[in-house]
Protein chains: 2
Amino acid sequence: MNEPDGQLLSINTATLRRQWRLDQIIDGCARHGIHGISPWRDQVQALGLNEAGRRIRSHQLKVTGYCRGGMFPGNTAEERRLALDDNRRAVDEALELNASCLVLVVGGLPGSSKDLPGARLQVMDGLAELLEYARPAGMPLAIEPLHPMYAADRACVNTLEQANDLCDELGDEGLGLAVDVYHTWWDPKLFGQIERAGKKRLLAFHICDWLVPTRDILEDRGMMGDGVIDIRRMRRAVEAQGYRGFHEVEIFSEKNWWRRDPDEVLETCKERHRRHC
Amino acid sequence: MNEPDGQLLSINTATLRRQWRLDQIIDGCARHGIHGISPWRDQVQALGLNEAGRRIRSHQLKVTGYCRGGMFPGNTAEERRLALDDNRRAVDEALELNASCLVLVVGGLPGSSKDLPGARLQVMDGLAELLEYARPAGMPLAIEPLHPMYAADRACVNTLEQANDLCDELGDEGLGLAVDVYHTWWDPKLFGQIERAGKKRLLAFHICDWLVPTRDILEDRGMMGDGVIDIRRMRRAVEAQGYRGFHEVEIFSEKNWWRRDPDEVLETCKERHRRHC
């Protein structure tokens, strides 16, 4: 349990999105002996859903999560209905790709609203509706709490405690959490809430690092080992609960990793995963 | 209780630190009919402690907080001892200025440590030691939870719940919280923790706004009304607990407010305080 299982490394395709198209990323993962992939919807649409599925299957890659659904809040009932329709399509696509889960970035304040508690209620309502579709279809939904610095514009679910509360409220069947070290490492209740989630709710585990200083609020994530997060302790904490899923590298890095040779990035991911996760 | 009491506006001197020296800020507040000020230690040292005290008293300004003590964690016992010595001097200076409280930014990870729980224990120890000095001296200490994006390098106390837990642990006498809307607005437990703090622990209330997008993690705070925070709801929440202290404007703004005419900034603070707080 000291070193991570190298077979469990997965690449979130955002990590290479500037250098490679999805078909290139799929080939790259296969070439580097990486067995997991987590593609984004825009990349899948660009390649075509059927073609993406075919290539992923032909390389026997596991889709460790599909990115992404969510964005539930809206200023009007019509806006919220359109978001829900789009989320149902995301469920269908995730099923076609045989993804482990659909990752949900739940959305922030709609329009010019300042009503954060209200947005959170809209998220709960949207989740409840989407569950009615996703549960019978058999696609697990993974609520991903985002760092509080994204509360306004990306996700108003910002702690594992909130996500656990939502699971309590809406029921565990087909619902769980994506734990991303970047979003949650600071949380004083982190380990207690991982324990509370337990094996049944732990659907995905995302890795990267928090750089000091952080020069951009969106696109300055670090490679594992370059920052301050005790990733190994977090990986052990989720595995202590029985989590046996992949460790998915998701790095947005405008100034560094997005400018590097993608084969070098993948080699670095493998080495850093072994050493720091 | 709809509009705020204009008499309760205070200016944190960081808001004007690029344009004016402390003596100019003191004169400016007096000239604009602002009755509260919260100076930073470096500015006080530049002017001289006695001279700063004399000028503040001569204009009958209330020092609504002294910025700042804290930074408790250190890699070695010697580092922590030096920090504690410096904190005791900050208590003395706060007393000389007749400040309402010494504001504490508790510090983050020491050196290259990744042990956040360990840093939090060091903060508790440092606080306990400083209380032994500050309590008999009669200077209240205000723990300011900082936004989680500062957990690594500025403060590993990141929620009001943590700060309340520290007060429970260390005792309420001479210990409380500084609630800053910028650091806490996202917190799902915000209003519950303000209630838990109650009048006795609410020592300071800081205002500004969260901009979307936020272009710099440190120096892109907004003027009240320009962002997404429901400041009025928060002000009412602290006043509902019996808080009758000042509303202190603290804006770090490299690209905007630090480049404006300081008299215009003060006028804007007054108008926005009335309209949005």
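Whatever comes next refers back to the structure up there.
Description of the structure in this document. These figures come from a predicted structure and were not determined experimentally.

Conventions we followed
Residues numbered from 1 in each chain as written. Chains lettered and ligands numbered in written order. Predicted model: local features only at pLDDT ≥ 70, side-chain atom pairs only at ≥ 80, totals over all residues. Heavy atoms only, no water. Least-squares fit on C-alpha atoms with pLDDT ≥ 70 in both. Contact = heavy atoms within 4.5 Å. Buried area = accessible area lost by both parts, 1.4 Å probe. Salt bridge = Lys/Arg side-chain N within 4 Å of Asp/Glu carboxyl O. Polar contact = N/O pair within 3.5 Å; in protein donor to acceptor, adjacent residues only side chain to side chain. Helix = DSSP H or I, 4+ residues; strand = E, 2+ residues; numbered from the N terminus. Nonpolar A, V, L, I, M, F, W, Y, C, P; charged D, E, K, R; others polar.

1. Observations regarding the relation of the copies chain B and chain A
Logical step 1: Between chain B and chain A, which share one sequence, the superposing operator has a rotation angle of 180 degrees and an axial displacement of 0.0 Å; the RMSD is 0.0 Å. A rotation of that kind, with that shift, is consistent with a two-fold axis.
Logical step 2: Most of the interface of chain B is mirrored in chain A, where 100% of its interface residues are also at the interface.

2. So, the interface of chain B and chain A
Logical step 1: Each partner contributes to the interface: chain B provides 32 residues, whereas chain A provides 32 residues.
Logical step 2: Taken together, the two surfaces of chain B and chain A that pack against each other cover about 2400 Å², and 66% of this comes from carbon and sulfur.
Logical step 3: Across the chain B-chain A interface, the total number found is two salt bridges.
Logical step 4: Here Lys 189 of chain B ties to Glu 161 of chain A by a salt bridge, and the two come within 3.2 Å at their closest N and O atoms.
Logical step 5: In this assembly, chain B and chain A are joined by four residue pairs in polar contact (both at pLDDT 80 or more).
Logical step 6: If you list the elements that add at least two residues to the side of chain B that touches chain A, you get α5 (116–137) and α6 (160–170) of chain B.
Logical step 7: Split by residue class, the side of chain B that touches chain A holds 15 nonpolar, seven polar and ten charged.

3. A closer look at unusual backbone geometry
Logical step 1: Cys 67 of chain A connects to Arg 68 of chain A through a cis peptide bond whose omega is 0 degrees.
Logical step 2: Along the chain, the position of Arg 68 of chain A falls in strand β4 (residues 66–70).
Logical step 3: Residue Pro 213 of chain B follows Val 212 of chain B across a cis peptide bond; omega there is -5 degrees.
Logical step 4: Not every positive phi belongs to a glycine, and Asn 98 of chain A is a case in point at roughly 55 degrees.
Logical step 5: In this fold, Asn 98 of chain A is placed in the loop between α4 (77–96) and β5 (102–105).

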